[in-house]
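Letter by letter, the chains look like this.
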Amino acid sequence: MTNTSGILEGKKILITGVLMESSIAFHAAKLAQEQGAEIILTAWPRPTLTERIAKKLPRPEDVKVLELDVSNDEHLARLEGQVREHLGDRIDGVVHSIGFAPQDALGGNFLNTPFESVSTAMHISAFSLKSLTMAVLPLLSEGGSVVGLTFDAKFAWPQYDWMGPAKAALEATSRYMARDLGKQNIRCNLVSAGPLGSMAAKSIPGFSDLASVWDSRSPLEWDLSDPEPAGRAIVALLSDWFPKTTGEIVHVDGGLHAIGA
Ligand code: NAD
């Protein structure tokens, strides 16, 4: 270990959502390793793709990739055992960096989206924060930190459609988890990121129109191609530097959430 003063030194973290180098989770994984953490990744739908991307991490030789579809109960049931096999009997943190909505739930089709598509968006993007955490709860026996990613659900955004209510559900789920897991010293927080040009973002028709709002209204200059600030916030929330913070949403959006017009 070269870095002996990292803020995640000695911690073991499960990280979902590494799909490409543009994934927020990739940057969280990179920074987590740089800060001394041992990590394990989960991937869906193609673990081989994530394995390829994981080779670009600072310590690729230490990274195991597990297949995990968060809407698959069998995958969730086997997760604890798989993590135990590679990281031992304890983890200290979980990163939920997962979002998905079917095409007919996005891009201006809000009033016509069928419930089946809304249900998929809710299941994968919101309910899974709870099911993922419960799947590894026995490994968080010494307490820990759960961190998810949202896109500010206080507002109705252009094009975002049913991902908006799904993120609102995620934000509420995080607060209820903070309520119910606090006694076990497990914190649950979200990072509310500004727009970033990942795969998930590119799948939203008209996403660049939505993102262009940041050019004119964000107090801090916003770079659509830089997920590192979000990654830094994730790592900070995983660390011991937010020991009494739970049920919180930390905005990493250049400050746009604070601006009225
Ligand atoms: P991304 O496409 O790199 O990551 C999305 C991840 O969700 C992928 O790794 C994908 O494999 C995973 N996923 C989808 N369905 C899954 C399933 N059934 N089971 C397990 N994993 C599944 O995009 P990203 O921007 O890094 O997104 C990560 C998180 O950040 C998401 O929650 C997203 O909504 C949120 N977010 C993104 C932005 C943005 O502008 N990109 C802004 C705010 C919040």
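Residues numbered from 1 in each chain as written. Predicted model: local features only at pLDDT ≥ 70, side-chain atom pairs only at ≥ 80, totals over all residues. Heavy atoms only, no water.

Participant: Can you help me understand the nonpolar core in this one?
Facilitator: One broad trend across soluble globular proteins is that nonpolar side chains are buried collectively. Within the largest apolar cluster, 52 residues are counted, with the highest numbers of intra-cluster contacts made by I15, I39, L41, L57, V191 and I234. Here this core gets 7 residues from one element, more than from any other, and that element is helix α1 (residues 24–34). Look past the residues within four positions of L57 in its chain and what remains in contact with it is F26, A29, K30, Q33, I39, L41 and V63. The next biggest cluster of nonpolar side chains, apart from the first, holds 30 residues, and it includes I98, I124, L132 and A135. (Core = buried A, V, L, I, M, F, W, Y, C linked by side-chain atoms within 4.5 Å. Buried < 20%, exposed > 50% of the residue type's maximum accessible area, 1.4 Å probe, protein only. Helix = DSSP H or I, 4+ residues; strand = E, 2+ residues; numbered from the N terminus. Contact = heavy atoms within 4.5 Å.)

Participant: Explain the packing of aromatic side chains to me, please; I cannot follow it from the model alone.
Facilitator: Two measures describe an aromatic ring pair: the distance that separates the ring centres and the angle between the ring planes. A complete count under the given rule lists 6 aromatic pairs for this structure. Summarising the aromatic geometry, the rings of F151 and Y160 are spaced 4.9 Å apart at their centres and angled 55° between planes, so their arrangement reads as tilted. Overall, the relative accessible area of 8% leaves F151 in the buried class. Overall, Y160 belongs to the buried group, its relative accessible area being 7%. Judged by centre distance (5.7 Å) and plane angle (70°), the ring pair of F155 and W157 falls under edge-to-face. A connected cluster of aromatic rings, assembled from ring pairs, spans F151, F155, W157, Y160 and W214. (Phe/Tyr/Trp six-rings, centres within 6.5 Å; stacked < 30°, edge-to-face > 60°.)

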